[in-house]
Amino acid sequence: MSIAVPVQLLPHGAGLPLPSYATEGAAGLDLIAAVPEGEPLVLAPLGRAAVPTGLCLAVPAGFEAQVRPRSGLALKNGITVLNAPGTVDSDYRGEVKVLLVNLGAEPFAIERGMRIAQMVVAPVARVTLEESRDLEKTTRGNGGFGSTGLDGRQISR
Ligand SMILES: O=c1ccn([C@H]2C[C@H](O)[C@@H](COP(=O)(O)OP(=O)(O)OP(=O)(O)O)O2)c(=O)[nH]1
Ligand SMILES: [Mg+2]
């Protein structure tokens, strides 16, 4: 199944390829940094920035686009998406930006054309909240935040 998503290229994105799936089974389209040629955006350790992609999308109603980190950049350089997963709403028509943060110890230079993050388009369930005095009882109840412990051997499958 493939869902058509209209995309508009902004002037500073001209000449860059559209985001694409790196492999046949990839879940995410790799997003490309549309920073000026020859003017890399340098993220100091703990620095953050909204990195332009040069793209505006019209995500179909009932879907969202999630902006997620790339594991290679995370593992090798400590570069991740600060608000992961970023949410691009179906009614947003502005430029898609990637909020990157450098959690590494070294400065990191983002060059034009670099694949900096990935975007997964996913269906969204919208709900109607119905106020209720009593919620259905469950075995877990209020237990959470580590209530089941850490020892994997205690869990029976
Ligand atoms: O990583 C992201 C996250 C968001 N956006 C854009 C698309 C999204 O539809 C809009 C708003 O995002 P969000 O709802 O996460 O931010 P907010 O702080 O709640 O802003 P708003 O009040 O505009 O909804 O910003 C991006 O381009 N990249
Ligand atoms: Mg919002």
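What you see is a predicted model; the values in this text were computed from it and never measured.

**Focus on the site of ligand 1**
Around ligand 1, a shell composed of Asn83, Gly86, Thr87, Val88, Asp89, Tyr92, Glu95, Val96 and Lys97 is seen. Measuring from an oxygen atom of ligand 1, one finds a side-chain N or O atom of Asp89 at 2.6 Å. Starting from 570 Å² of accessible surface for ligand 1 in isolation, the protein chains cover 49%. Where the shell around ligand 1 is concerned, the elements lending two or more residues are strand E8 (86-88) and strand E9 (95-102). Counted by class, the shell around ligand 1 contains three nonpolar, three polar and three charged residues.

**Some words on the pairing of strand E5 (residues 48-57)**
Counting buried positions along E5 yields eight of ten residues, so the element is predominantly enclosed. Bridge count for strand E1 (residues 7-9) against E5 is three bridges, and the pairing is antiparallel. Residue pairing for E5: Gln8 is matched across the bridge by Cys56. Of the pairings in the sheet, the one linking E5 to E9 comprises six bridges and is antiparallel in character. In the sheet register, Val51 faces E9, and the bridge partner there is Val98.

**Regarding the sheet that holds strand E2 (residues 20-21)**
Taken in spatial order, the five strands line up as E2-E3-E11-E6-E8 in an open sheet, and their pairing is antiparallel. Edge positions in the open sheet fall to E2 and E8, since each of these has one partner strand only. Alignment of strand E6 (residues 63-68) against strand E11 (residues 115-123), held across six bridges, turns out to be antiparallel. In the strand pairing of E11, Val67 is matched with Met119.

**Quick word on the UniProt feature "binding site: substrate" (unreviewed entry) in the protein**
Using the residue numbers shown here, the UniProt feature "binding site: substrate" (unreviewed entry) corresponds to Arg70, Ser71, Gly72, Asn83, Thr87, Val88 and Asp89. Considering the C-alpha atoms alone, the annotated residues occupy 20 residues of sequence and remain spread out, their largest mutual distance being 26.4 Å. Put simply, the named residues that line the second largest pocket are Thr87 and Asp89. Tracing the sequence through the fold places Arg70 in the loop between E6 and helix H1 (71-77). You can call Arg70 partly exposed: its relative accessible area is 24%. Non-local contacts of Arg70, meaning those with residues more than four positions away in its chain, are made with Asp30, Ile79, Arg115, Ile116, Ala117 and Gln118. Mapped onto the fold, Val88 is located in strand E8. Classification of Val88 by relative accessible area gives buried; the value is 7%. Leaving out residues up to four positions away in the same chain, Val88 has contacts with Glu64, Ala65, Val67 and Val96.

So, how was this worked out
- Residues numbered from 1 in each chain as written.
- Chains lettered and ligands numbered in written order.
- Predicted model: local features only at pLDDT ≥ 70, side-chain atom pairs only at ≥ 80, totals over all residues.
- Heavy atoms only, no water.
- Near = heavy atom within 4 Å.
- Polar contact = N/O pair within 3.5 Å; in protein donor to acceptor, adjacent residues only side chain to side chain.
- Areas by Shrake-Rupley, 256 points an atom, 1.4 Å probe, with all protein chains shown as cover.
- Helix = DSSP H or I, 4+ residues; strand = E, 2+ residues; numbered from the N terminus.
- Nonpolar A, V, L, I, M, F, W, Y, C, P; charged D, E, K, R; others polar.
- Buried < 20%, exposed > 50% of the residue type's maximum accessible area, 1.4 Å probe, protein only.
- Pairing = 2+ DSSP bridges.
- UniProt positions renumbered as here; feature names shortened; annotations may be inferred.
- 1 Å grid on protein atoms, 1.4 Å probe; cavity = no way out; pocket = protein on both sides within 12 Å on 5 of 7 lines; lining within 4 Å.
- Contact = heavy atoms within 4.5 Å.

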